Amino acid sequence: MFEILEKREIAPNVHRAVIHAPAIAKKARAGQFVIMMVDERSERVPFTLCDWDRQAGTVTLVIQEVGQSTRKFVLLKAGDQVAHLVGPLGVPLDVENYGTVALAAGCYGIGAVLGIARAMKQAGNRVITVVEADSSYLHYFRDELRATSDELVQTTIDGSDGIKGHSVDVIKRKLENGEQLDRVFAVGCVFMMMLAGNITKPFGVKTLVALNPIMLDGTGMCGACRVTVGKETKFACVDGPFFDAHEVDWDELWDRRAAYGEDEIHAVARTAAVTPRPARPVRLS
Ligand SMILES: Cc1cc2nc3c(=O)[nH]c(=O)nc-3n(C[C@H](O)[C@H](O)[C@H](O)COP(=O)(O)OP(=O)(O)OC[C@H]3O[C@@H](n4cnc5c(N)ncnc54)[C@H](O)[C@@H]3O)c2cc1C
Ligand code: FES
């Protein structure tokens, strides 16, 4: 069992959790993830290692509630335990001094790029982090990312904070203005990562994206996370999660992620009532 030491909602439906997992913290490296089972009967769900503290023996996750498994997790509180946490999984990123690296992130990716920003900065890179959200109240980790980036750009779709638009628009503008970007990393929804690749391809900037197919065992045995990259079959759990955005078969990734869409929607209702029931029945005089 793995104890949750801290848990806080940092934006609507987005939770930061610090979990006691010394063996994982000891080996964690930027770009890796864990697979969690909330209880003995839960699904196995992957989450990125945002941060880790080897001395304290803790790992930090940012979890966005989207369905049954993430809902089960957010119903827990500090002091509760999760049944299983396996990791670190996946191939760590090659952390080198590339020059200038740009990180594009949205949704849970804003948290997920924190460890990458820190590692790239420590390796001597100039780090530009561009985070996107629909509106200002959905942004989080501003201070953390400012501390690990040379430049933090916030974008909002409604224009309520920073630049109006998407994170990839900022990357595009920088490239069009002749700014030198030596590597781009994108973490977030499939559409955003696909756009990141489309934008950087004509400029010849190597772009790595954290693919998020459905995963089960996380060991390359079950085949659930199969993706096609450069016409070759890869398993995102053991060959990824980062792949060259210019080589990914995006249509296949969309289709495979949506395979259980209807079942997932029905599963949410089986987790817990959305409105908590009153502790005692309400007596109507
Ligand atoms: C390597 C890897 C790392 C990941 N890291 C993180 C992380 O750090 N934090 C995090 O919150 N999630 C992360 N994810 C995504 C996370 O695993 C899924 O969101 C999770 O499986 C959802 O499980 P669920 O049962 O709650 O929702 P599901 O029932 O699986 O999905 C519910 C609905 O939400 C949609 N959905 C599923 N995933 C997403 C998503 N990521 N964004 C938007 N909609 C989605 C589904 O299509 C479905 O319609 C990662 C995925 C991978 C493969
Ligand atoms: S999750 Fe089973 S092969 Fe990757």
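Scroll up a little and you will see the structure.
In every chain, residue numbers begin from 1 and rise along the written sequence. To label them, take the chains in the order written and letter them from A, then take the ligands in the order written and number them from 1. The predicted origin of the model limits local features to residues at a pLDDT of at least 70 and limits the giving and counting of side-chain atom pairs to 80 or more, whereas totals for whole chains, interfaces and linings rest on all residues. Values reported for side chains reflect all heavy atoms of the structure, with hydrogen atoms and water molecules removed beforehand.

Some points on the overall build of the protein
Then, in step 1: Looking only at helices and strands, the protein has ten helices and 17 strands in total.
Then, in step 2: Relative accessible area decides the class of each residue, using a 1.4 Å probe on protein chains only: under 20% of the type maximum gives buried, over 50% gives exposed, and in between gives partly exposed. For the protein, the proportion of its 285 residues judged to be buried stands at 50%. Only runs of H or I of at least four residues qualify as helices and only runs of E of at least two qualify as strands under DSSP, and these elements are numbered from the N terminus.

Comments concerning the side chain of Arg 183
Then, in step 1: Turning to its location among the elements, Arg 183 is positioned in strand E13 (residues 183-187).
Then, in step 2: Contact criterion: two residues are considered in contact whenever any of their non-hydrogen atoms come within 4.5 Å of each other. Sequence-distant contacts of Arg 183, that is, excluding residues within four places in its chain, are made with Tyr 98, Thr 100, Val 101, Ala 102, Val 205 and Lys 206.

Section: the packing of helix H6 (residues 167-176) against helix H7 (residues 190-200)
Then, in step 1: The axes used here are C-alpha line fits, helices contributing only the stretch in contact, and every angle between their N-to-C directions lies in the interval 0 to 180 degrees. It is the contact of H6 with H7, at a shortest axis distance of 9 Å, that shows an interaxial angle of 10 degrees. What the angle tells us is that H6 and H7 run roughly parallel. Listed contacts from H7 to Ser 167, Val 168, Ile 171, Lys 172 and Leu 175 of H6 are Met 192, Leu 195, Ala 196, Ile 199 and Thr 200. For this classification, under 35 degrees means roughly parallel, over 145 means roughly antiparallel, 65 to 115 means roughly perpendicular, and everything else is oblique.

Observations regarding the site of ligand 1
Then, in step 1: Definition of nearness: a residue and a molecule or strand are near each other if at least one heavy atom of the residue lies within 4 Å of the molecule or strand. In the vicinity of ligand 1 there are 21 residues, among which Pro 46, Thr 48, Val 62, Gln 64 and Thr 70 approach most closely.
Then, in step 2: Polar contacts, as counted here, are pairs of nitrogen or oxygen atoms within 3.5 Å of one another; within protein the pair requires one atom able to donate a hydrogen and one able to accept it, and residues that are adjacent in sequence qualify only if both atoms are side-chain atoms. One of the backbone N or O atoms of Val 62 is found 2.8 Å from a nitrogen atom in ligand 1.
Then, in step 3: Here Gly 67 contributes a backbone N or O atom positioned 3.1 Å from an oxygen atom of ligand 1.
Then, in step 4: Listing elements by their share of the shell around ligand 1, those giving two or more residues are strand E4 (45-48), strand E6 (58-64) and helix H2 (68-74).
Then, in step 5: A total of four residues in the shell around ligand 1 trace back to one element, the largest contributor, which is E4.
Then, in step 6: All amino acids are sorted into three groups, where Ala, Val, Leu, Ile, Met, Phe, Trp, Tyr, Cys and Pro are nonpolar, Asp, Glu, Lys and Arg are charged, and the leftover types, Gly among them, are polar. Residues belonging to the shell around ligand 1 are distributed by class as follows: eleven nonpolar, seven polar and three charged.

Considering the nonpolar core
Then, in step 1: Residue types Ala, Val, Leu, Ile, Met, Phe, Trp, Tyr and Cys, when buried and joined through side-chain atoms within 4.5 Å, form a set referred to as a nonpolar core. Ile 19, Met 36, Val 59, Phe 73, Leu 85 and Phe 185 are the most contacted members of the largest nonpolar core, which totals 52 residues.
Then, in step 2: In this structure Phe 185 touches Leu 93, Tyr 98, Val 101, Ala 102, Leu 103, Ala 104, Met 120, Leu 208 and Phe 242, once residues within four positions along its chain are discounted.
Then, in step 3: Counting 35 residues, the second-largest nonpolar core is a separate cluster that includes Ile 128, Val 168, Phe 243 and Val 248.

Looking at the sheet that holds strand E17 (residues 242-244)
Then, in step 1: Pairing in this open sheet of seven strands is mixed, and the strands run E12-E11-E10-E9-E13-E14-E17 from one edge to the other. Each having just a single partner strand, strand E12 (163-164) and E17 make up the two edges of the open sheet.
Then, in step 2: Its contacts with the sheet put helix H4 (residues 114-122) on strand E9 (100-106), strand E10 (126-133), E13 and E17, and the angle it makes with E10 is roughly 165 degrees.
Then, in step 3: Strand contacts of H6: E9, E10, strand E11 (151-156), E12 and E13, with the helix running at about 140 degrees to E10, the strand carrying the most contacts. Criterion used throughout: strands pair if DSSP finds at least two bridges between them.

Side note on the pattern of salt bridges
Then, in step 1: The salt bridge criterion pairs a side-chain nitrogen of Lys or Arg with a carboxyl oxygen of Asp or Glu, the two atoms within 4 Å. In the structure shown here, the tally under the stated rule is 15 salt bridges.
Then, in step 2: Put simply, Lys 174 and Glu 151 hold a salt bridge, and the shortest N to O gap is 3.0 Å. Here Lys 174, found in helix H6, pairs with Glu 151, found in strand E11; they are 23 residues apart in sequence, far enough to count as distant.
Then, in step 3: Taking relative accessible area as the criterion, Lys 174 reaches 10% and is therefore assigned buried.
Then, in step 4: For Glu 179, the salt bridge goes to Lys 174, with nearest N and O atoms at 3.5 Å.

Comments concerning the pairing of strand E14 (residues 207-210)
Then, in step 1: A two-sided burial pattern is seen for E14, the buried positions comprising Thr 207 and Val 209 on one face and Leu 208 and Ala 210 on the other.
Then, in step 2: Strand direction decides the pairing type here: E13 and E14, joined by three bridges, are parallel. When the bridges of E14 are listed, Phe 185 appears paired with Leu 208.
Then, in step 3: Once the chain exits E13 it traverses H7 before rejoining the sheet at E14, and the crossover so formed is right-handed. Orient the strands so they point away from the viewer; a crossover is then right-handed if the path from the first strand over the helix to the second runs clockwise.

Nothing here speaks to function; it is all geometry.
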